Amino acid sequence: MSPNFVPHRISPAEVDALRAKYQAERDRRVRPEGAAQYRRAAGEWGYYAADPYTERVDREPVTSRVEAVVVGGGFGGLLAGAKLREAGVRDLRMVDEGGDFGGTWYWNRYPGIHCDIESTVYMPLLEEVGYVPRWRYAPGEEIRQHAMAIAKRFELYSDALFHTRVVDLRWDDDAGEWTVTTDRGDVFATRWVVLGSGTLSQPKLPGIEGIENFGGHTFHSSRWDYGYTGGDQSGGLHKLADKRVAVVGTGASAIQIVPHLARDAQHLYVFQRTPSTVDVRDNRAIDPEWAATLRPGWQRERMENFLTIVTGGHADRDLIDDGWTATARLQRQMLTGSVDSNLPPEEREYLDELADFRKMNEVRARVEAIVEDPATAELLKPWYRYMCKRPTFSDHYLQAFNRDNVTLVDTADTGGISRMTPSAVVVGTQEYEVDCVIFATGFEVGISGVVSGTLPVHGRGGMPLLGHWRNGPRSLHGFYSHGFPNLFHLGSLQNAAAVNFVHVLQEQATHIGALVAEAGRRGVRRIEPSLDAEEAWIATIRATAPDNYAFQAECTPGYYNAEGKPRPVNNSYGPGPVAFHDLLRRWRAEGGFDEVM
Ligand code: NDP
């Protein structure tokens, strides 16, 4: 629990006041156009998505046959590649739009970048690669290097194609294999395809009037221009010493960036629409003596322990004991401590709400304790429930607002920045003259090319996947669909997610690897669920999916609730990831393979 935590009772009058305040603050920020307020960093805005790190090199198209293709070279794809190698796949081709492996960690290299989940549970395959992270919350570059180390350890570089986007997937009924086409003119045949193109990978920009007229320098936080700023991911942005810099957005990325810009820019304007919750970070080096005591299986034990606790399960000890596990514990204590856990749902919800108010009071008290100017502190206080937005952690962000060269510009009442001129960012009638604008405005959510239609997939008999899914996704366990043999999806799709998403991806990759290995043992060439199996899984999802629509609908807008317009249908497995992983293990052990082979 954070040192600032001061437990206190919340009176019924305070509950009413907080509810009213949350509602009023939400209403200030809801925009009728919802997610349509954003524009894709593509086409005429493609500059914001271009790769600033690796030169794109011309090459001849590749035409060949491989055993397996993995689309995406982030942790999802890397884990799938590793598990396919372990399953005995020799000819394996990884394809990624970036210039190397790493996915999120390839693209995001902004100053201050760190993972906000503890490195010992976030960075996958540490024991397999033989690495112990140096920091409790690892810097981005250490994570990127680890991604590359995984690729080397499992020999994933050999046939890899970078700066390459898969644009078409077509099942060939006669040959019994997939034809994969890319934007570089490659065409290759393969038996297995794994799709791991990520969920928060496409940068987005706010639809600000006049953005195209801005004459100064500009870029997105996930495409950092060190040529312009100087320095590197650890800071030292010396070229900004004579620059007035604007950063747009105050989400998890900006929280890490702002302290560096504050230190190095002549003047920094932080354009905020909704403040983040910013809790204690307490990052520190991992003690080598502690690392020397670790015994085989240590990472799995920590990962399972973290997942159990943050999803509300019971563990005798909290091995990670940080801001994530503390908040889960807080809620669980409220529900199972001195309180009867067989309470009716309304009472449980009320107790959840009280726990939430206490946590958020603590977060707001921390702002007041750190930020010296009372008006600025007031603007930095978040007024919404803890999980309405991704919580953030920093011991430097709030402190940055005590500097004379930092100005917080609140844009809540104008729905964000009003417009841009060739030299300024405008909020209402106030113009802020700046040399550089950095958009820390996030990413499109859950839009794999398969779902958005930019990667058309045709299965048996030429059936389009989106046709098969016209009434919503159809799958067994979120992995594969009837009519689309040997094609596996990674990510959030009729399965269970968690804040440590890499753990979820690892379990998914393990399952895919087990399917392919079993097919090899049986000499089976096709894996495919029946329509009945799909139907049964959809029924399970419908019966168990948690109903969090009301919670989402009351939340301040953000990408968690589709910018204030949550979908009433929830497609996740209600019992959560621990139960889902158990279910997969049991399925594999108890004859599940017979269902699909
Ligand atoms: P977010 O989507 O979280 O934040 C975007 C920000 O831009 C918000 O503050 C938003 O305000 C603001 N914004 C959007 N439009 C406007 C506008 N017109 N005017 C002013 N402000 C605007 O993006 P991030 O890149 O910060 O984070 C995305 C996700 O990436 C995180 O939630 C997390 O999942 C992941 N991440 C993970 C990290 C880790 O350590 N694991 C680190 C960094 C990111 P508003 O809130 O009002 O919409």
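The coordinates are above.
A short tour of the structure in this document, coming up. Note that the structure is a prediction, hence the values are computed from the model and not measured. (Residues numbered from 1 in each chain as written. Predicted model: local features only at pLDDT ≥ 70, side-chain atom pairs only at ≥ 80, totals over all residues. Heavy atoms only, no water.)

Attention now moves to the overall build of the protein. In terms of helices and strands, the protein carries 21 helices and 19 strands. By the compact-globule yardstick of 25 Å for 597 residues, the protein fits well, its C-alpha radius of gyration being 24 Å. By principal-axis analysis of the C-alpha atoms, the protein measures approximately 70 × 60 × 55 Å. Taking the intrachain contacts of the protein between residues at least 6 apart in sequence as the baseline, contacts between residues at least 24 apart amount to 71%. On the protein, roughly 24900 Å² of surface is accessible, and the fraction owed to carbon and sulfur atoms is 50%. For the protein, the distance from the average position of its 65 positive side-chain charges to the average position of its 80 negative side-chain charges is 1 Å. (Helix = DSSP H or I, 4+ residues; strand = E, 2+ residues; numbered from the N terminus. Rg over C-alpha atoms; globule rule 2.2 N^0.38 Å. Contact = heavy atoms within 4.5 Å. Areas by Shrake-Rupley, 256 points an atom, 1.4 Å probe, with all protein chains shown as cover. Lys, Arg positive; Asp, Glu negative; His and termini not counted. Charge placed at Lys NZ, Arg CZ, Asp CG, Glu CD.)

So, on to the state of the cysteines. Under the counting rule described, the total for this entry stands at 1 disulfide. There is a disulfide in this structure between Cys388 and Cys555, and the S-S distance comes to 1.9 Å. One quick way to see it: the torsion about the S-S bond of Cys388 and Cys555 is about -75°, and its sign makes the bridge left-handed. Highlighted residues: Cys388 in the loop between helix 13 (374-379) and strand 12 (392-393) and Cys555 in the loop between helix 19 (549-554) and helix 20 (577-589), separated in sequence by 167 residues. Neither residue differs from the other here; Cys388 and Cys555 are each classed as buried. (Disulfide = S-S within 2.5 Å. Buried < 20%, exposed > 50% of the residue type's maximum accessible area, 1.4 Å probe, protein only.)

A separate point is the pairing of strand 5 (residues 177-182). For strand 4 (residues 166-172) and strand 5, the ladder comprises 6 bridges, and the chain directions are antiparallel. Counted as the bridge partner of Leu169 is Val180 from strand 5. Here strand 4 folds back onto strand 5 in antiparallel fashion, the turn holding 4 residues, of which Gly176 has a positive phi close to 65°. Of the pairings in the sheet, the one linking strand 5 to strand 6 (residues 187-195) comprises 4 bridges and is antiparallel in character. Each residue of the ladder has a partner; that of Val180, found in strand 6, is Phe188. Between the antiparallel neighbours strand 5 and strand 6 lie 4 residues, among them Gly185 with a positive phi of about 85°. (Pairing = 2+ DSSP bridges.)

Where helix 10 (residues 298-310) meets helix 20, the axes come as close as 9 Å, and the angle between the chain directions of the two elements is 125°. Comparing the axis directions of helix 10 and helix 20 gives the class oblique. Along the contact surface, helix 10 presents Arg300, Glu304, Leu307 and Thr308, while helix 20 presents Pro577, Val578, His581 and Arg585. Of the residues contributing to the contact of helix 10 with helix 20, the split by class is 3 nonpolar, 2 polar and 3 charged. (Axes fitted to C-alpha atoms, helices over the stretch in contact; angles between N-to-C directions. Parallel < 35°, antiparallel > 145°, perpendicular 65-115°, else oblique. Nonpolar A, V, L, I, M, F, W, Y, C, P; charged D, E, K, R; others polar.)

Turning next to the environment of Gly592. Along the chain, Gly592 turns up in the loop between helix 20 and helix 21 (593-596). C-alpha separation for the pair Gly592 and Leu515, spaced 77 residues apart in sequence, amounts to 9.8 Å.

Moving on to the site of the ligand. What surrounds the ligand is a group of 25 residues, the closest being Asp116, Ser253, Thr274, Lys389 and Tyr559. The separation between an oxygen atom of the ligand and a polar side-chain atom of Thr274 is 2.5 Å. The side chain of Tyr559 places a nitrogen or oxygen atom 2.6 Å from an oxygen atom of the ligand. Starting from 910 Å² of accessible surface for the ligand in isolation, the protein chains cover 90%. Of the residues assigned to the shell around the ligand, the class counts are 11 nonpolar, 10 polar and 4 charged. (Near = heavy atom within 4 Å. Polar contact = N/O pair within 3.5 Å; in protein donor to acceptor, adjacent residues only side chain to side chain.)

Summed over the entire model, instances satisfying the criterion amount to 1 cavity of 30 Å³ or more. When its volume is computed, the largest cavity comes out at roughly 40 Å³. If you go around the largest cavity, the residues you meet are Glu25, Arg26, Arg29, Thr274, Pro275, Lys381, Trp383, Tyr384 and Thr556. For the lining of the largest cavity, the per-class residue count stands at 3 nonpolar, 2 polar and 4 charged. (1 Å grid on protein atoms, 1.4 Å probe; cavity = no way out; pocket = protein on both sides within 12 Å on 5 of 7 lines; lining within 4 Å. Points joined across faces, edges and corners; volume = space filled by probe spheres on them.)

The 3 strands are arranged 14-15-16 in an open sheet whose pairing can be described as antiparallel. Each end of this open sheet is capped by a strand with a single partner; those strands are strand 14 (419-420) and strand 16 (430-433). Here strand 15 (residues 424-427) pairs with strand 16 via 4 bridges, running antiparallel. Note that in strand 16 the partner of Val426 across the bridge is Glu431.

This part is about helix 8 (residues 252-264). The largest bend along helix 8 measures about 30° and falls at Val258, with the proline Pro259 one to four residues further on. Along helix 8, the residues that are buried comprise Ser253, Ala254, Ile255, Gln256, Ile257, Val258, Pro259, His260, Leu261, Ala262 and Asp264. (Bend = angle between axes of the 7 residues up to and from the residue.)

All right, on to the sheet that holds strand 9 (residues 244-248) then. Across the sheet, which stays open at both edges, the 5 strands sit in the order 8-17-9-10-13 with parallel pairing between neighbours. The two strands at the open ends of the sheet, each matched to only one other strand, are strand 8 (217-220) and strand 13 (406-410). Neighbour-to-neighbour, the strand axes of the sheet open up by a mean angle of 15°, direction not taken into account. In this fold helix 8 packs onto strand 9, strand 10 (267-272), strand 13 and strand 17 (436-439), with an angle of close to 150° to the strand it touches most, strand 10.

Don't take any of this as a statement about function, it's just geometry.
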